[in-house]
Each structure stands twice: as C-alpha cells, then as structure tokens.
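Below, each chain spelled out in residue letters.
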Amino acid sequence: MAITPEKKFNTQKYISVLFFTLLIFGSGFFLSDYTTKKRIAQLNDLQQNLRTDILSLETQFSILNQAPCANLNESTLTNELYSISQKLTSVGTTLGEDDGNFLELKKYYSILEIKHWLLLQRAAKECKLPLAFIIYFYEDSKNCPQCEDQGYILTYFREKYPFLRIYSFDYNLDLAAIKTLKSVFRLQDETPIMVINSDVYCGYKSKDELETIMEKYVKLESLEDKTATSTAATSTSSKKK
Amino acid sequence: MIDLIEILTYTGTFAALYFGILVFITLAENRHCLYEKTPLLNLPSVSIILPCFNEENNVEDSLISLVNLDYPQDKLEIIAVDDGSHDNTLDKMLAFQLKNPTIKVLHKENGGKHTALNLAIPQATGEIIGTIDADCLVEPNALKQMLKYFHDPKVMAVVSTIKVRQPRTLMDGIQYAEFIVSGFIKKIISFLGGLTVTPGPLSLFRQETFTIVGPYRQAHLTEDLEMALRLQSQNMKIACAWEAAVYTKGKPDLKSLSQQRLRWQRGFLLNLKDYSPLLNFRAHGNLSFLLIYSLAGIFLSVALILLSLFQITKGVLGHLNQAWLIKFDFLPFFSFKNFNLDWIKLTPLAVMGFLALALILGFFFLGRKYTFEKGKIDEKIFFWILLYPFLNAFWWILTTASVVSGREMKWHGNNPGKKI
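Residues numbered from 1 in each chain as written. Chains lettered and ligands numbered in written order. Predicted model: local features only at pLDDT ≥ 70, side-chain atom pairs only at ≥ 80, totals over all residues. Heavy atoms only, no water.

(A) Examining the overall build of chain A more closely. Counting its regular elements, chain A contains seven helices and four strands. Of the regular secondary structure in chain A, the N- to C-terminal order runs α-α-α-β-α-β-α-β-β-α-α. Burial statistics for chain A: of 241 residues in total, 49% are counted as buried. Taking the intrachain contacts of chain A between residues at least 6 apart in sequence as the baseline, contacts between residues at least 24 apart amount to 77%. Accessible surface computed for chain A: about 11700 Å², of which carbon and sulfur atoms make up 53%. (Helix = DSSP H or I, 4+ residues; strand = E, 2+ residues; numbered from the N terminus. Buried < 20%, exposed > 50% of the residue type's maximum accessible area, 1.4 Å probe, protein only. Contact = heavy atoms within 4.5 Å. Areas by Shrake-Rupley, 256 points an atom, 1.4 Å probe, with all protein chains shown as cover.)

Here's what the structure looks like:
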C-alpha cells in the first residue's frame, strides 16, 4: 500500500514548527539574559553602596572621636553589611567566583568589613556594647576542603548569637588590607583560620569545639539577645569557598 | 557536571518544545475534525472479544458494560474467551451467559492473550471486530462513536480513549494524569498517521484487517502494540476516537505498575526492532519521524533524570552534612530576617523548566477538555508531575537493561495469560 496522506512528511510544517520553537526558546533565553544583565547592571549600584558605606563608617569613626557613643548607628550599618553580603553572594553565583567584577566588589566588601570591625571594636570598648568578634579566613574548596563546613557552622553561630560579629575574608584575595591583617595576626597558610580576640585558631573547629573556645572569651548566653541584629559576614563565606 | 546538565536541559527542553508546538499546530490544523461528525446511518454488525485469564473479579462488570452498550442487540456479538483460568472466571462467564444467552463463551487451555484473541477472531461474525480487556468498562455510547470513524474507507482500526476508573489512591492519580495526557497526544499523533498501539482496553478493526495482516502474535507480550506496527507497516490507517471513553483499573501499587510499564516499554523497543523498516523516513514520513523522536526523547529524558538525581542526592547529602555539623539545631535559621526572594533567579534553566512545565500542564488541561473529562483535579496531579519523570526514567533504564541482557519476560506470576 502507498503511504497514507496523514503520514506524508510536510517539510514546510516542520520548518514552521522549528521557527516557532526557536522563537519561543529564543524569547526564553532573551528573558533570562535580560534579567541577568539587569542584575549585572546593579553591580554599579552595589559598588556605589559599598563606597558610601565605607565613607559612612569613616564618618562614624570621626563622630566617635567627637561624641563617643551618642550617635553611633551600629545596627543600620550592620544590616547594610548583611544586605550587601547577600547581594555579593548572588553576584558571585551569577558571574562566577573568578569574574573580575566580582573580585573587585569582593575587595570593596572586604575593606568595608575591616572598617566595620575596627569601628565596632572601638565602640564595643568605649560604649560598652556587648559584642564579640570572629575574623574568619577561608580558601576555595580545592585548597581548603573543610572551609565550607566551617563557614556553615559560623553562619549558624551568627544566627544563634546576634551579638556575635563575624567577618569573613578570602585568604587569597589580592588586597593589601587583607595582607596586613594576615601579617598582624601572623597567620600561617592553614585555613580555615579564625581570629578571636587576637588569638589565632587554625584548622576546622566543630560546633562544640567552637562553643568551648568562645566561652573562654565571652558568656555565649549574653550574645543571645534576640533584639539585636547581626552581620551576614558568613553568608558569602559559606558559598564563596 | 553542571555544564552537562545545562546542555541536556536545553536540548531536552528544545526537543520537548518542538514536539509541543508540533502538537499545537497539528491541533490547530485539524480543529474542524477533532471529532467524527458523520452520522452513523448504517450500523454494521460488531463482534467484541473479551479475553480473560483469572479475571473472576472483573469479568462480570466488564460483560455488564458490554451488554449495556448503546447498540442493537442483533448487531452486537460478545465473545468471552476464558484462557484456561485457574479461578472462577469461566463459571462467572457461564453464569452471565445464562442471563444473557446471546453472549458466546469460549474456553481453551492457557496460551496467552494473543491465543485467546486468535481463537475468537475466526468465529466472530461481525463486520467490525473489537477487542477489550477484562478489567475495563466501556461508556455506553463509545461503540457508536468509534464506528463513525469507519465512515472513512481507509480507516482499518479505531482506538478509544483510555481513562483510569475512579482514581482514589496516589498511584491511581499518577496514572489518571498520565492517561489524560497520553490520550490527548494519541489523538494528535493520529492526525500525523503516527499511532503505534491499538490498545487492549478497546480497539475496533475491520474484519478484513485480520485477513490481510493475519492473526495476533505473542509479540514480546505486547500484541496490541505489534498489531498497530503491523498495520502501519502496511500503511493502514488507524484513527483515534477522543469521544469514546473506556475506563481501566489503575495498577494498585508501584510494583505492578512497574511490571506493566516494563512490559510495555520492552515491547515497544523489541517490536520496533522487529519493524525497523518503519524508521525509514521515505517510506513512513511522519511515523518514522515520531518514532526516531521518541527514541531520542527516551535517551534525553533518562540522561537528564539521572543527572538531576545525582544533583539532588548531592544536595540532600550536603544538607544532611550541614544538619550534622550543627547537631540538627535549625532553630536559629528560622527568623524573618533570613527571608528574601533573592533565590528566585530567572536563569535560562529556570525559564526552560517553566516552559517544560507549562507544556505538560497544557497537554493535561487540553486532554481533559477534549476528552470531556469531568473528574475533579486534586493534589495527585502534582505527584504525577513530580514523580512521573523519575519513574519513567527508572522504567526505561530497567527496560534497556532487560533488552540488552536479552532476558525473556514472563507474564505476572508465571501465568501466561495474565495481563499485568
């Protein structure tokens, strides 16, 4: 029997189908590409935010010299730091961890973190703020397989102890300020590294170990005040490594 | 690994989208002939064969639905064949025959469904011969609706729309949604001359079909699939009647469903191997395109699902590790400040996933609309969307292993006539 009319291959129809498929598929790509570009366009805003925050922290330093404690707006800055770290994580996922723009933003963010840390350390002393600090250095998962786990534990600590401020730094970031920190604390190349009150702790510390260490410096219960806010220092760290 | 997933997802979505658009364009092209409108002026004589093996719980209901068909009794011949059942199937048939003497009851040694059909076909007197499974119930108007399609002299077989009877359990729900979608696609494919099964639940044939192509064969335990491929190999036209519903019992558990699907899919591959000339594009046009497309689709979906499973497992293990790190103390993470919508990213993959989901839901809702399905939609459809791709990939993997190893499959419980 000859081929039935239904079975006959209509090339024109299949090409039309291909055309519509390409159109819809292309539109899908265009839509996602558009939103990605929009996201990248926000990088400039983010960079601007970081610059403004750095300036703001410097200003607060000056204010602290003139009128200690009176006008310190710690929670706003901490929240801003939290928000920027989240955006930075998102940018890292979109652009890739090795992207030049992302690394540049990371440097800005690291400077902001250092300035924030310096200000809060001083404020904690002079204004008797019940704060504790951890400086955390990480590397990527190839060089530091346990950094991801450590980052997650520190994120947990940050969430559990709102008065705990955790600042995370990429150990290999090409930034003079980080190199200075490394030489100030005389760090060895053995990440993960945590600096607590100038004491350096190298290697992975479990939740229990870290709690025991922290208890040496501060009553952890005193950091549990639910009314305070916390930094998001590790929200990038757990994903960046 | 991520890159491979992305490549597969894009290819898979593109292929699915292409098929979806082909379906919608074909639907639009044939919008005026979705149902056969030609009135049935001359009612042909019809013989319906009901092969049974160990169907004592179903045979009576099935026979009742057949005698309740809206069709003149003098033109309807019902032949129930007991394929050497070990239970009371034969007694039930005979008891029913006492009340309805027009029904013919045949009995034979067990030999498989195809032998039961082949015993009855030569004895059938109808111009049209139908086959029905014993666990199926036919809507009273189904026969007349199907017969209308024989108005076209080229149509040699007509298939019905299979639905799941009273979907109650999760397994029923999954099969319900699957049958709705496959019913929709089957009709569209019929416009392209691409039907590859004349399903056991209810199919009608012109009597001469069997004279031309011969009797049923064992055909790797999928005689209904082989028969359709045989008709296709001879360029015989198979039509699909959306408006004729037959209700089958869903498989009650994963094991029996898997056995059934393994048999179907294995039958598809092995019968396709036997009928490999159907893949000849010049000779079979749309049909060969659809067959090659479905083979590629099987490969793509299995690869994609396997890679997704790998990613999901990796993610789950990662989260378990994190839970272990913090001694399962998740309380600190549950605070409002952690809530943000930043994770909703319109990545190309997300867009493609959304397109694929929209497509499958589109098929489901159109399938319901065109097959006049009124049953309520409940949460089971979401389980179907979530579970079915994984189940299907799992079955295809088992099927491929079974085909490659050359292991022969047996009917359920070594009962050669039992439909699984």
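(B) Fine view of the state of the cysteines. Residues and elements named next belong to chain A. Under the criterion given, the structure shown has one disulfide over all chains. Across the disulfide, Cys144 is cross-linked to Cys147 (sulfur-sulfur distance 1.9 Å). The chirality of the disulfide connecting Cys144 with Cys147 is right-handed, given an S-S dihedral of about 95°. What makes Cys144 buried here is its relative accessible area of 1%. (Disulfide = S-S within 2.5 Å.)

(C) Broad picture of unusual backbone geometry. A cis geometry characterises the amide bond from Thr191 of chain A onward to Pro192 of chain A, with omega recorded as 0°. Structurally, Pro192 of chain A can be placed in the loop between helix H5 (176-184) and strand E3 (193-196). Despite not being glycine, Arg186 of chain A shows a phi value in the positive range, around 50°. According to the relative accessible area criterion, Arg186 of chain A is exposed, its value standing at 70%. Residue Asn235 of chain B is not a glycine yet carries a positive backbone phi of 55°. Classification of Asn235 of chain B by relative accessible area gives buried; the value is 7%.

(D) The arrangement of the sheet that holds strand E2 (residues 76-83) of chain B in detail. All names here are of chain B. Taken together, eight strands build an open sheet; the order of strands is E3-E2-E1-E4-E7-E6-E8-E5 and the sheet is mixed. In this open sheet, the two edge strands, each paired with only one partner strand, are strand E3 (104-108) and strand E5 (136-138). Strand after strand, the sheet turns through a mean of 30° between neighbouring axes, direction not considered. In this sheet, E3 lies alongside E2 in parallel orientation, the contact comprising five bridges. Paired with Asp82 across the two strands is His107, which belongs to E3. Contacting strand E1 (46-52), E2 and E3, helix H3 (residues 89-99) crosses the sheet at an angle of about 160° to E3. Those strands touched by helix H8 (residues 223-233) are strand E6 (155-164), strand E7 (203-206) and strand E8 (237-248), and its axis lies near 160° from that of E8. (Pairing = 2+ DSSP bridges. Axes fitted to C-alpha atoms, helices over the stretch in contact; angles between N-to-C directions.)

(E) Fine view of the interface of chain B and chain A. Every contact between the two is made by 50 residues of chain B and, on the other side, 41 residues of chain A. In total, chain B and chain A occlude about 4100 Å² of area from one another, counting both sides; carbon and sulfur atoms represent 64% of this. Seen at the junction of chain B and chain A, the total is four salt bridges. The shortest N-O distance in the salt bridge between Lys237 of chain B and Glu6 of chain A comes to 3.0 Å. In this assembly, chain B and chain A are joined by 14 residue pairs in polar contact (both at pLDDT 80 or more). Taken together, the elements giving at least two residues each to the side of chain B that touches chain A come down to helix H1 (2-29), helix H6 (170-191), helix H10 (281-325) and helix H11 (348-370) of chain B. With eleven residues, the top contributor of residues to the side of chain B that touches chain A is H10 of chain B. Taken together, the residues of the side of chain B that touches chain A break down into 25 nonpolar, 16 polar and nine charged. (Buried area = accessible area lost by both parts, 1.4 Å probe. Salt bridge = Lys/Arg side-chain N within 4 Å of Asp/Glu carboxyl O. Polar contact = N/O pair within 3.5 Å; in protein donor to acceptor, adjacent residues only side chain to side chain. Nonpolar A, V, L, I, M, F, W, Y, C, P; charged D, E, K, R; others polar.)

(F) Looking closely at H3 of chain B. Residues and elements named next belong to chain B. Thr89, Met93 and Phe96 are the residues of H3 that are buried. Seen from one end, H3 has its buried residues packed into an arc of 65°, which puts them on one side. The inward-facing, buried residues of H3 abut E1, helix H2 (59-67), E2 and E3. (Arc of directions from axis to C-beta.)

(G) Inspection of the UniProt feature "transmembrane region" (unreviewed entry) in chain B at higher detail. Residues and elements named next belong to chain B. According to UniProt, the positions carrying the feature "transmembrane region" (unreviewed entry) are residues 7-28, 287-310, 346-366 and 381-404. As annotated, residues 7-28 has a helix share of 100% and a strand share of 0%, and its two end C-alpha atoms lie 31 Å apart. This span, residues 381-404, is 100% helix and 0% strand, and a straight line between its end C-alpha atoms measures 33 Å. (UniProt positions renumbered as here; feature names shortened; annotations may be inferred.)

(H) Fine view of empty space enclosed by the protein. Counted under the stated rule, the structure contains six cavities of 30 Å³ or more. Taken as a whole, the second largest cavity spans an internal volume of roughly 40 Å³. Classifying every residue of the lining of the second largest cavity by side-chain character gives three nonpolar, three polar and four charged. (1 Å grid on protein atoms, 1.4 Å probe; cavity = no way out; pocket = protein on both sides within 12 Å on 5 of 7 lines; lining within 4 Å. Points joined across faces, edges and corners; volume = space filled by probe spheres on them.)

(I) Main features of the packing of helix H3 (residues 100-126) of chain A against H5 of chain A. All names here are of chain A. As a packed pair, H3 and H5 sit with axes 9 Å apart at the nearest point and diverge in direction by 50°. In this view, H3 runs oblique relative to H5, as classed from their interaxial angle. Contacts between H3 and H5 involve Ser110, Ile114 and Trp117 on the former and, on the latter, Ala177, Ile178 and Leu181. Among the residues forming the contact of H3 with H5, the class breakdown is five nonpolar, one polar and no charged. (Parallel < 35°, antiparallel > 145°, perpendicular 65-115°, else oblique.)

(J) Focus on the pairing of E3 of chain A. Residues and elements named next belong to chain A. Every second residue of E3 is oriented toward a common face, with Ile193 and Val195 on one face and Met194 and Ile196 on the other, all of them buried. As judged from the three bridges shared by strand E1 (residues 132-138) and E3, these two strands associate in the antiparallel manner. What sits directly across from Tyr136, in E3, is Met194. Pairing of E3 with strand E4 (residues 199-202), which is carried by four bridges, proceeds in the antiparallel orientation. Note on E4: the bridge partner recorded for Met194 is Tyr201. In sequence, E3 turns back onto E4 through a hairpin of two residues, with Asn197 there showing a positive phi of about 50°.

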